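Residues per chain, in single letters:
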Amino acid sequence: NSSDLSPSFILASIPGPEAAHFWMAIFLCSMYIVAVTGNCAVLFIVKTEPSLHTPMYFFLCMLAAIDLALSTSMVPRVLSFYWFNTREISFSACLVQMFFIHTLSAIESTILLAMAVDRYVAICHPLRHAAILTSAATAKIGLVAMARGVLFFLPLPLLLLPLPFCSSRVLSHSFCLHQDVMNLACANTTPSMVYGLTAILLVMGLDAVLICLSYILILKAVLRLASWKERLKAFSTCIAHICVVLAFYVPLIGLSVVHRFGKDLAPLVHIIMGNVYILVPAVLNPIIYGVRTKEIQRRILNLI
């Protein structure tokens, strides 16, 4: 049977009548429009505002581009099956979607680490900030982040490619994730499981540890300042980045916990956590920086 050589999977949808599917699609579409509008606005404002041509805002542009690509890799496909009932996804399309989701998440994690390093240098070594984080260095960091994500997560779909799959091919999410697809295989998945866990720990896990370390050093430097007013002013420059880090890592940890310990949870929990993981950072990131950055606020008001 050719389906054994090229299997297809059934994407999960929220339980309930078609009316519930329609309103879920409207909600996801609204969030996607907000994410696209917000991130495109950030890209446009940073490009046209010379005062924002600094490493921190170049990293913010990279973050906005990643969020656009990440949400676009999932939302249109989800909307197609909610509105047109096309729940089936081919094996090859599933692997491509999986590669982009995991790779873009890894790149975003690396950029968040680079932004933490930028804040550390700006607060702890302000006189050397311009010399260390030049435009060329910022571009190289972006290229390294891209190469790191591709090299670590390209093997994930390749390890699944030769595996046979069981008759039950219903996924737990509205899109393809490595662990979700791997659990449907009818073969030994130990190499794939070990590599996937190793890649997550060496990229997202290591980045999270280094981000925490950078903020410990920042906190020590801030506490050495003379007055509370100076301390609050110095640390306030990190608030937006801390919020963005939480918006990325909290859904990631929640999704990992659901995969590991939530086998008995309702299918709706898996679907909601997956959508939160993809869409919430893309929606919140431009809002957070829009609220915290006066230059971006001023440009938005001028555009309006």
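Residues numbered from 1 in each chain as written. Predicted model: local features only at pLDDT ≥ 70, side-chain atom pairs only at ≥ 80, totals over all residues. Heavy atoms only, no water.

### Re the UniProt feature "transmembrane region" (unreviewed entry) in the chain
Part 1 of the reasoning: With numbering aligned to this structure, UniProt lists the feature "transmembrane region" (unreviewed entry) at residues 20–45, 57–75, 95–117, 129–154, 193–218, 239–262 and 268–291.
Part 2 of the reasoning: Its end C-alpha atoms 33 Å apart, residues 95–117 is made of 100% helix and 0% strand. (UniProt positions renumbered as here; feature names shortened; annotations may be inferred. Helix = DSSP H or I, 4+ residues; strand = E, 2+ residues; numbered from the N terminus.)

### Some details on the UniProt feature "domain: G-protein coupled receptors family 1 profile" (unreviewed entry) in the chain
Part 1 of the reasoning: Per the UniProt record, "domain: G-protein coupled receptors family 1 profile" (unreviewed entry) is annotated on residues 38–289.
Part 2 of the reasoning: Summarising residues 38–289: 78% helix, 1% strand, and an end-to-end C-alpha distance of 10 Å.

### A few points about a nonpolar patch on the surface
Part 1 of the reasoning: Judged by side-chain polarity, Phe22, Trp23, Trp83 and Phe84 come together as a nonpolar surface patch covering roughly 510 Å² of accessible area.
Part 2 of the reasoning: For the nonpolar patch, the elements supplying multiple residues, two or more each, are α2 (18–48) and α4 (75–84).
Part 3 of the reasoning: Relative to the assigned elements, Phe84 resides in helix α4.
Part 4 of the reasoning: Since its relative accessible area comes to 63%, Phe84 is described here as exposed. (Patch = residues over 30% accessible without salt bridge, like charges linked within 9 Å, V, L, I, M, F, W, Y side chains within 5 Å. Areas by Shrake-Rupley, 256 points an atom, 1.4 Å probe, with all protein chains shown as cover. Salt bridge = Lys/Arg side-chain N within 4 Å of Asp/Glu carboxyl O. Buried < 20%, exposed > 50% of the residue type's maximum accessible area, 1.4 Å probe, protein only.)

### Quick look at the packing of aromatic side chains
Part 1 of the reasoning: Inspection of the entire model under this criterion finds 7 aromatic pairs.
Part 2 of the reasoning: Linked through ring pairs, Phe9, Phe91 and Phe165 together constitute an aromatic cluster.
Part 3 of the reasoning: One Lys or Arg, Arg231, reaches over the ring of Trp228 and ends 4.7 Å from the middle of that ring. (Phe/Tyr/Trp six-rings, centres within 6.5 Å; stacked < 30°, edge-to-face > 60°. Lys NZ or Arg CZ within 6 Å of the ring centre and 35° of its normal.)

### Side note on helix α7 (residues 135–153)
Part 1 of the reasoning: Under the 1.5 Å per step criterion, the end-to-end length of α7 is 27 Å for 19 residues, consistent within 8% with the ideal 27 Å.
Part 2 of the reasoning: Of all the residues in α7, the buried ones are Ala137, Thr138, Gly142, Ala145, Arg148, Gly149 and Phe153. All buried residues of α7 fall inside an arc of 145 degrees around its axis, so they share one side. With respect to the buried face of α7, the exposed residues turned more than 90 degrees away are Lys140, Leu143, Val144 and Leu151.
Part 3 of the reasoning: Turning to α7, the residues buried within the fold contact α3 (55–72), α5 (91–124), α6 (129–132), α8 (155–160) and α10 (190–223). (Expected span 1.5 Å × (residues − 1). Arc of directions from axis to C-beta. Contact = heavy atoms within 4.5 Å.)

### Describing the environment of Ser192
Part 1 of the reasoning: Here Ser192 shows up in helix α10.
Part 2 of the reasoning: Sequence spacing of Ser192 and Leu160 is 32 residues, and the spatial spacing of their C-alpha atoms is 7.2 Å.
Part 3 of the reasoning: When residues no more than four places from it in sequence are discounted, the contact partners of Ser192 are Leu159, Leu160, His178 and Met182.
Part 4 of the reasoning: Within the local environment of Ser192, its side chain forms a polar contact with the side chain of His178, the two groups lying 2.7 Å apart. (Polar contact = N/O pair within 3.5 Å; in protein donor to acceptor, adjacent residues only side chain to side chain.)

### Details of the side chain of Asp118
Part 1 of the reasoning: With respect to the element layout, Asp118 can be found in helix α5.
Part 2 of the reasoning: Polar side-chain contacts of Asp118 include one of 2.9 Å to the side chain of His129.
Part 3 of the reasoning: Residues within four places of Asp118 in sequence aside, it is in contact with Pro55, Met56, Phe59, His129 and Leu133.

### Notes on the state of the cysteines
Part 1 of the reasoning: Under the definition given, this model contains 1 disulfide.
Part 2 of the reasoning: The disulfide partner of Cys94 is Cys176, and the gap between their sulfur atoms is 2.0 Å. On the sign convention where negative is left-handed, the bridge of Cys94 and Cys176, at about -120 degrees about the S-S bond, is left-handed. Taken as a pair, Cys94 in helix α5 and Cys176 in the loop between α8 and α9 (178–182) lie far apart in primary sequence, 82 residues in all.
Part 3 of the reasoning: The closest cysteine sulfur to the non-disulfide-bonded Cys29 is located on Cys40, 14 Å from its own sulfur.
Part 4 of the reasoning: Here Cys212 is not disulfide-linked; the sulfur of Cys238 is the nearest cysteine sulfur, at 13 Å. (Disulfide = S-S within 2.5 Å.)

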